[in-house]
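# Analysis of the macromolecular model
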Amino acid sequence: MAAPAVVDLRSDTVTRPVPAMRAAMAEAEVGDDVYGEDPTVTRLEQQVAELLGHRAGLFTPTGSLANQLGLRMLVPPGQELLCDVTAHVARAELGAAAVFSGITTRTWSSDRGRLDAAVPLAMMTPDAGPYFVSTAAIAVENTHNLGGGTVQELDQARMLRAGVEGTGVRLHLDGARLWNAHVATGEPLHEWGQLFDTVSVCLSKGLGAPAGSVLVGDDELIAQARVWRKRYGAGMRQVGVLAAAGLYALDHHVQRLADDHAHAALIAKACAAAAPGVVDVDDVRTNIVVLDLSGTSRTSAEVVAAAATRGVRVSAFGPSFVRLVTHLEVDGAGAQLAGDVLASALNG
């Protein structure tokens, strides 16, 4: 018997470059980027900076490095970053802000990662004196990964920006999936970008590039970040072959994210019908679905294992949560299959 086809929903990072992207990579004009001589990298950095309403950009191999460089630029050692309790920078970057930059982190609880600007504004202590930790920056994640692809409200971000004006507190946007928020809402990217001092965006998630993120900010911040990128061991040479993949993705893979959103909604509806309460379909606006099994008799390990036997791969997040992420290698038929398999797995 033939093995079932695999629908891999563990992450949108599992995609492989499409043939046209591979061709763009093979034909990329390259130079030594440590010397600032790779024209394809320069073009990518400039294009992303302009999209986000900033003056300069810096190509990095990973989203975590882009975030950590942004935080390094905004938070002096011994001062604090505020973010929500399930933020990627707090939970999924292995304590890098503390290890590499001497940054302490204080968090607030939220509903699915959703920003309520009044909360961090009430928490922050910009000048705490000699006995307490001073707040230097606040981080926001859009869309919010562990929140289930939550799309942040632009008005809340504007309130946050207004609230920190004149305080010395600066803002970082973890926009790894900002492209998804842009497609889901139609809000221009620069309206988000201009509210934050630094913004990171990822090219290797929904956009389907094999690697790479870009950090944007003003000229001075990005010049400093370039030095720190080298200090962290991430100076890259003829990396235009990767930047070319990012440029292709920006030209061809942004608007198609709407397909991923539709496929996620289809799967969420199937799961909700099979096990009411595991997911609120109205909350599924982008490409991430988080199933809450706490009200069922099933564990996340059981659901993951049952789905895997029928060719659908999803991730367990603790004993009671399952995450699935749609992407460009999952078509409508794959989404339908995943919905059917997960509905069966939820019912045991």
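The structure presented is a predicted model; accordingly, all values stated were derived computationally and were not measured. (Residues numbered from 1 in each chain as written. Predicted model: local features only at pLDDT ≥ 70, side-chain atom pairs only at ≥ 80, totals over all residues. Heavy atoms only, no water.)

## Description of the nonpolar core
Counting 49 residues, the largest nonpolar core has Leu44, Ile138, Phe196 and Leu203 as the members making the most contacts within it. Ranked by the residues each element gives to this core, the list is headed by helix α11 (residues 240–252), at 6 residues. In this structure Leu203 touches Leu44, Phe59, Trp179, Gly208, Ala209, Gly212, Ser213, Val214, Gly246 and Leu250, once residues within four positions along its chain are discounted. Core analysis: the next-biggest nonpolar cluster, separate from the first, contains 28 residues, Ala275, Val284, Ala307 and Leu342 among them. (Core = buried A, V, L, I, M, F, W, Y, C linked by side-chain atoms within 4.5 Å. Buried < 20%, exposed > 50% of the residue type's maximum accessible area, 1.4 Å probe, protein only. Helix = DSSP H or I, 4+ residues; strand = E, 2+ residues; numbered from the N terminus. Contact = heavy atoms within 4.5 Å.)

## With respect to the packing of helix α12 (residues 257–274) against helix α14 (residues 332–346)
Following both chains from N to C, one finds α12 and α14 inclined at 20 degrees, their axes separated by 8 Å at the closest point. The angle between α12 and α14 places the two elements in the roughly parallel class. Handedness of the crossing formed by α12 with α14: right-handed. Contacts between α12 and α14 involve His263, Leu266, Ile267, Ala270, Cys271 and Ala274 from the former and Gly332, Ala335, Gln336, Ala338, Gly339, Leu342, Ala343 and Leu346 from the latter. The class makeup of the residues in the contact of α12 with α14 is 10 nonpolar, 4 polar and no charged. (Axes fitted to C-alpha atoms, helices over the stretch in contact; angles between N-to-C directions. Parallel < 35°, antiparallel > 145°, perpendicular 65-115°, else oblique. Left-handed = near helix turned anticlockwise from the far one by under 90°. Nonpolar A, V, L, I, M, F, W, Y, C, P; charged D, E, K, R; others polar.)

## A few points about the side chain of Arg298
For Arg298, the position within the fold is in the loop between β9 (288–292) and α13 (300–309). On the basis of relative accessible area, Arg298 is assigned to the buried category, the value being 17%. Looking at Arg298, its side chain comes within polar contact range of the main-chain oxygen of Ala345, at 2.9 Å. (Polar contact = N/O pair within 3.5 Å; in protein donor to acceptor, adjacent residues only side chain to side chain.)

In short, geometric facts, not functional conclusions.
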